[in-house]
2 protein chains.
Amino acid sequence: MELPGYRGRSQQLLRSSNVAVGDLVQVRVRNNAYKGTLLPRYEYADDHHIAIKLANGYNIGISTNNIVLVKRIRSGKAPRLVQTPLSSIDNKLPRIAVISTGGTIASRIDYRTGGVVPAVSAADLHSLMPELNNEVRVESEEILNISSENVRPKHWTLMAQTVEKQVATGMNGVVITHGTDTMGYSAAALSFALLGVPIPVIFVGSQRSSDRPSSDANLNLVGAARVASQASFSGVYVAMHIGLGDDLLAVHLGTRTRKNHTSRRDAFQSVNSEIAATVKDKLIEENKLRLPRRGSASDFQARSKFDDRVALVKYYPALDPDLFEFLIQRRIKGIIIEGTGLGHISADLHKAIKTAIDSGIVVGMTSQCLWGRVRMTVYDTGRDLLKIGVIPLEDMLAETALVKMMWVLGNYKRPEEIVSTLVDNLAGEITLRSPLRVGSK
Amino acid sequence: MELPGYRGRSQQLLRSSNVAVGDLVQVRVRNNAYKGTLLPRYEYADDHHIAIKLANGYNIGISTNNIVLVKRIRSGKAPRLVQTPLSSIDNKLPRIAVISTGGTIASRIDYRTGGVVPAVSAADLHSLMPELNNEVRVESEEILNISSENVRPKHWTLMAQTVEKQVATGMNGVVITHGTDTMGYSAAALSFALLGVPIPVIFVGSQRSSDRPSSDANLNLVGAARVASQASFSGVYVAMHIGLGDDLLAVHLGTRTRKNHTSRRDAFQSVNSEIAATVKDKLIEENKLRLPRRGSASDFQARSKFDDRVALVKYYPALDPDLFEFLIQRRIKGIIIEGTGLGHISADLHKAIKTAIDSGIVVGMTSQCLWGRVRMTVYDTGRDLLKIGVIPLEDMLAETALVKMMWVLGNYKRPEEIVSTLVDNLAGEITLRSPLRVGSK
C-alpha cells in the first residue's frame, strides 16, 4: 500500500481502511460523504488530515477527527506527472524566462515519493502549465533555492543581474518564482535595480502548495506567465490570487504591495495604489495607470547594488533612545522610521535622532498606519522632526522605503543626490500629494 | 475685521474681499459657487484654505488657488459657544466620567481667538454635545494634556488608576479622550490593566478637529458617551467613525484595533476580530461576540503595573543580529518579534535569539502581515524557532503583544506563569485556533 506523505493518525486510518494513494475512495464524515481520488501528502507536518481530489478537480483536506469511514470504491494508480516534450512547443511563440529562487510555487509533486521537487526545467514548467503550451515558450533558470525569509540584499543583486542577462537574450518577459514571506521586499528591490527594464518582470508565489486544498500555485504561475508574455507595460510587479473565487489574479506594482495575511491566498494587497491589472483565464485587464511601456532591450542596464547598512525602526511607546546610539556605532548609513499617524515619534527620541543625523545618517519617516501619507507640517512633533532633518517619505510603504534607502545608498554618493532620489518617484512608490479637495473626506 | 486663524494668502484674500468671520459669504470657484458662514481657522498651518459652514451644517474648506471671488452677502457675528449650565442636567440620568488625556477630540473652539481650548469641564462637554443633555450626566477629569505619540507606559498606569477610582464612585461608564496616534496601544494596555472592570471604558479620538471640513470629533464623542452609558458589555473599547457617511461609529475591542490610515476618519479597524458594536444616532447594535457583561463595582481592582523593559523588533532583510546583543546589554526582559508570514525570520538570526532566550529574555512571535495567525509548525524555520524557545502568539497584533508583554512582566514573576499568561486569551486578544475545515479557503 503506497501512502506517501502520511504518518501517525492519518496513516493508521488509511492502512486499516486498506486504501492506497490513487484509489477512488469514499470518505464519510458525520453528516456528509466525499468521493474522490486519494492524494499523497507532503510538506505539512500534521498527521491528522487526508487529501482527496474530487471529480470536479478540487482538492480537499479532511480531518481524521471527523472521519467515520474510508472505503475503497476501486483501486487506482498513484498519478504521475506527464512530461511535456519541449520539442512539441512551437519555437515561434513568445519566450519567457522563469527564474526560480525557491518557495513552493514552482514545485512539482513527485507522486512516487510524495515529496516536493523543484520544477526547474522548462519541460517541468510546461508540464505544470499545459494550458500555456500554445501561448509561450518557457526557458528556465534556477538561481537560488531558499526560503524567502532568508533572502538578503545580495540575492536581490543576483536576481537583478539574472534579469538583465535574460533581457539581453530578447525575452518577452520574465517570471521570478519566490517565497511569499519577503516577496514584497524583493519586488521593491528589483523595481529600483531594474529601472527602465523594457519588459514585464513578474514575481509570483503561492500561499498553498500544489497538493493542498484549493492551492493557488497553478493559477498564479499561469497568470504570471501570461502577464509576462502579453502585458503592454514593463517594470516589476507581483502577480497573486485575489478575491473569493478560484480564478482571479491581481498584478500589483512591485513598490506598492505587501503580504497582509499570514495564510490566505489573497494575502497580497496594493497599498496606497490601485492594482496594475487583473488576470482571469486568458483575459488581462490593464488599469489606466501611467506605467512604463515595453521598449527596446538594446541599452538596458541594471543598477543592482544595495548597501545593507540600513535599519528599519518601528516606533512604539517606550522605545529606547539608545537604540540610535547603537545604530551609529554599527555604522548604519540610513534609517527608516515607522512613526505613528502622520509621521510622529515621542519627543524624548528627538535628541537621539538629531545626533544620528548630525553624524551623517540619512533618516526617513514613514507611517506604521500602512495606508495614507505622512504629513509632518500639521503638528508640532512633525515640524520639530522636519527641523532636525528627518525626511518625510510621503505615502511610501515602510518596507519599500527601507529597500529604496539600501538602493539609493548603493548607487549615489553625494548627500543632496541621496535625499533628492529618496523623495523622487522612480517606480510608482510615491504618489504626489493631491491638493485638498473641497468637501473631501 | 476679525479673521482669527487666517494668515498669508487666505488672510490677504479675505482682507481684500472685506469679509470677516461670521459673515454670510458667497465663494465663487471656477465652475461652482458656495454660500455659507465664514468660519475661523486654527491648528492646520496651511495659509491657503478658507473654511465656511454651509446651510446644511456641513463645513467645507476651499483652496485659495481655486477661488475666483469672495463676496459678503450680509454681515454676521462670529459664533460663540453657548454654555450648558450643569444645573439644567437631570441628576438622575446615568453618569459617565470623561477622562481627558489630550488630542483634539475633546476640544472646543474659542471663536474669539480662533484657538483650540481643551473642553475639560463637564459644562464644556455638555455644551459640545447638547444632544446628550437628556441622556447622560457627564463628569469630567483632566489627567493629561499630551499628544498621544508622547504617551508612555507610566501614563497607562495613571489612566488605569483613574478609571479604577471612577468605577468606585459608581459611574455607569467611562470615556477616555485620547490622541489617535497611539490610542490602539493605550486601549490594549488598559484592556489588561482593567481586566474585570464592571463597566464599559471607551477610548475615543478624532482624526479631524472640530473646525475642519467633515470633522468626526462630535460624532465620535457623542457615540462614545452613548456606548459608555448604555452598552450591555463591559471592558475596554475604541469607538471611532467608520464607513463613507457621516453617521456611523464602530466599537472595536481594545486589544484588536489599530490605526490603519494616517488621515481618514475611518482609520481604525478591527484586525482578526469582528467589531463589538456599531452606533448610529441613538441606536447601538451589539454584535454577538462573547463579551464580559456589566457587573458590580464592589470588588474591582486595576492591575496597572507595566514593565517597559520590552522591545518590539520588526524583521527585515539585513536585520543586524547584534541588535539582540544590544537588547541583552540594555537588560530588556521581553522581546516581541514581528516576523514574516506565518512567523519566520532569517536563519542567520536564530543563534542571536537563542542567546537572548538563554539569558532569560522572553521572546514572542507575531506577524508583520497584521492579518492572520502565526503558525510555526509548518516550515523548518518556524520549527527551529520553536525549538529554541520562541513563543508563537497566535493571531495577536504585534502592538497588543508588546503591551501585553509589558503588563505580564509587570505583574507576574515566575517564568512559567509569564509564558502561560502571554499565550492565554485574557481580553479577546487571541482567538483559539479553529480546526482546519473541509474545503476551507
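Residue indices begin from 1 for each chain and proceed along its sequence in written order. Numbering of ligands from 1 and lettering of chains from A proceed in the order in which they are written. This being a predicted model, a pLDDT of at least 70 is required before a residue's local features are given, and a value of 80 or more before pairs of side-chain atoms are given or counted; all residues contribute to the totals for chains, interfaces and linings.

Concerning the overall build of chain A
When its secondary structure is counted, chain A shows 10 helices and 21 strands. When we talk radius of gyration, it's over C-alpha atoms, and the globule rule is simply 2.2 Å times the number of residues to the 0.38. A globule of 441 residues ought to have a C-alpha radius of gyration of about 22 Å, and chain A, at 25 Å, matches this closely. C-alpha atoms of chain A, sized along the principal axes, occupy 75 × 55 × 50 Å. Counting the 441 residues in chain A, one finds 51% classified as buried. A pair of residues counts as a contact when their C-beta atoms, built from backbone coordinates, are separated by no more than 7 Å. Contacts in chain A between residues at least 24 apart in sequence constitute 71% of all its contacts with a sequence separation of at least 6. Helix and strand labels come from DSSP, where a helix needs a run of H or I of at least four residues and a strand needs a run of E of at least two; each type is numbered from the N terminus. With C-beta atoms placed from the backbone, the exposure class of a residue follows from how many other C-beta atoms lie within 10 Å of its own: 20 or more, buried; 12 or fewer, exposed; in between, partly exposed.

Overview of the relation of the copies chain B and chain A
Two copies of one chain are present, and they are related through a rotation about an axis combined with an axial shift. Residues below a pLDDT of 70 in either copy are left out; the C-alpha atoms of the rest, at least 70 in both, set the least-squares superposition of the copies. Relative to chain A, chain B is turned by 180° and slid 0.0 Å along the rotation axis, the superposed coordinates differing by an RMSD of 0.1 Å. Interpreted geometrically, this transformation is the action of a two-fold axis. Comparing contact sets, 98% of the residues at the interface of chain B also lie at the interface in chain A, consistent with an isologous, same-surface contact.

Side note on the nonpolar core
Note on definitions: a nonpolar core is a set of buried residues drawn from Ala, Val, Leu, Ile, Met, Phe, Trp, Tyr and Cys, linked by C-beta atoms within 7 Å. In terms of nonpolar packing, the biggest core is built from 218 residues, with Val174, Ile202 and Ala239 of chain A together with Val174, Ile202 and Ala239 of chain B touching the most fellow members. Other than its neighbours up to four places away in sequence, Ala239 of chain A contacts Ile202, Val204, Asn220, Gly223, Ala224, Val227, Leu249, Val251 and Val279 of chain A.

Re unusual backbone geometry
Residues and elements named next belong to chain A. One non-glycine residue with positive phi stands out, namely Asn272, at about 60°. Structurally, Asn272 is set in the loop between strand S15 (268-270) and strand S16 (277-280). What makes Asn272 buried here is the crowd of 21 C-beta atoms within 10 Å.

Things to note about the interface of chain B and chain A
Contact residues are listed per partner, giving 64 residues for chain B and 63 residues for chain A. Those elements that place two or more of their residues in the side of chain B that touches chain A are strand S4 (59-63), strand S18 (310-314), helix H6 (322-329) and helix H9 (398-411) of chain B. Three classes are used, and their members are as follows: Ala, Val, Leu, Ile, Met, Phe, Trp, Tyr, Cys and Pro are nonpolar, Asp, Glu, Lys and Arg are charged, and the others, Gly among them, are polar. A class-by-class count of the residues in the side of chain B that touches chain A yields 28 nonpolar, 21 polar and 15 charged.

Quick look at the domain arrangement of chain A
Bring the parts together and some accessible area is lost; that lost area is often taken as the interface size. Boundary definitions for the domains trace back to an automatic or database domain assignment. Each assigned domain of chain A is listed with its residue range as follows: domain 1 (8-74), domain 2 (86-286) and domain 3 (310-422). On a C-alpha basis, the centres of domain 1 of chain A and domain 3 of chain A stand 53 Å from each other.

Thoughts on the sheet that holds S18 of chain B
Consider a sheet: its strands pair through backbone hydrogen bonds, and that pairing is either parallel or antiparallel. Whether two strands pair depends on DSSP finding at least two bridges between them. Taken in spatial order, the four strands of this open sheet run S18-S19-S20-S21 (chain B), and their pairing is parallel. Unpaired on one side and paired on the other, S18 and strand S21 (391-392) of chain B mark the two borders of the sheet.

Quick word on the sheet that holds strand S20 (residues 362-367) of chain A
Residues and elements named next belong to chain A. Here we have four strands laid out as an open sheet, ordered S18-S19-S20-S21, and parallel in their pairing. Each end of this open sheet is capped by a strand with a single partner; those strands are strand S18 (310-314) and strand S21 (391-392). Relative to S21, S20 runs parallel, the two being bridged by two bridges. Within the sheet, the bridge partner assigned to Gly364 lies in S21 and is Ile391. Lines fitted to C-alpha atoms define the axes, with helix axes restricted to the stretch in contact, and inter-axis angles between N-to-C directions lie between 0 and 180 degrees. Running over the sheet, helix H9 (residues 398-411) touches S18, strand S19 (334-339) and S20 and is turned about 170° from S19.

Let's talk about the pairing of strand S11 (residues 200-204) of chain A
Residue and element names in this part refer to chain A. For S11, the buried fraction is high: five of the five residues fall into the buried class. The side-chain alternation of S11 yields two buried faces, one formed by Pro200, Ile202 and Val204 and the other by Val201 and Phe203. Pairing of strand S10 (residues 173-177) with S11 involves four bridges; the strand directions are parallel. Note on S11: the bridge partner recorded for Val174 is Val201. Note on the crossover from S10 through helix H4 (residues 183-193) to S11: the handedness is right-handed. As defined by bridge partners, S11 adjoins strand S12 (residues 235-241) across five bridges and the pair is classed as parallel. Paired with Val201 across the two strands is Val236, which belongs to S12. A clockwise course of the path from the first strand over the helix to the second, judged with the strands pointing away from the viewer, identifies a crossover as right-handed.

A word on the environment of Ala51 of chain B
Residues and elements named next belong to chain B. With respect to the helices and strands, the residue Ala51 is situated in strand S3 (residues 49-54). The class of Ala51 is buried, set by 23 C-beta atoms lying within 10 Å. Taking the C-alpha atoms as reference points, Ala51 and Val222, 171 residues apart in sequence, are found 24 Å from one another.

Details of the packing of H6 of chain B against helix H7 (residues 350-358) of chain B
All names here are of chain B. With their axes 8 Å apart at the nearest point, H6 and H7 run at an angle of 15° to one another. With respect to H7, the element H6 is oriented roughly parallel. The handedness of the crossing between H6 and H7 comes out as left-handed. Only Ala352, Ile353, Thr355 and Ala356 of H7 make contact with H6, whose side of the interface consists of Phe324, Glu325, Leu327 and Ile328. The cut-offs work like this: below 35 degrees is roughly parallel, past 145 is roughly antiparallel, 65 to 115 is roughly perpendicular, and the gaps in between are oblique. We call a crossing left-handed when the near helix sits turned anticlockwise from the far one by less than a right angle, and right-handed when that turn is clockwise.

Remarks on the packing of helix H4 (residues 183-193) of chain B against H9 of chain B
All names here are of chain B. Closest axis-to-axis distance for the H4/H9 pair is 9 Å, and the angle between their directions is 40°. The angle between H4 and H9 falls in the class oblique. In this structure, H4 crosses over H9, and the sense of that crossing is right-handed. Facing Gly184, Tyr185, Ala188, Ala189, Phe192 and Ala193 of H4, the residues of H9 in contact are Glu399, Thr400, Val403, Lys404 and Trp407. Partitioning the contact of H4 with H9 into residue classes produces seven nonpolar, two polar and two charged.

Describing the confidence of the model for chain A
All names here are of chain A. In the predicted model, chain A carries a mean pLDDT of 90, and the fraction of residues at 70 or more is 90%. This model gives residues 435-441 a pLDDT under 50, and the stretch forms 11 contacts once residues within four places in sequence are excluded. Two numbers describe this predicted complex: its pTM, 0.86, and its ipTM, 0.86. How sure the predictor is of each residue is captured by pLDDT, a score from 0 to 100.

Let's talk about the environment of Gly36 of chain A
Residue and element names in this part refer to chain A. Tracing the chain through its elements places Gly36 in strand S2 (residues 32-38). The spatial distance from the C-alpha of Gly36 to the C-alpha of Ala55 is 6.2 Å, given a sequence separation of 19 residues. Not counting chain neighbours up to four residues away, the residues in contact with Gly36 comprise Val25, Ile52, Lys53, Leu54 and Ala55.

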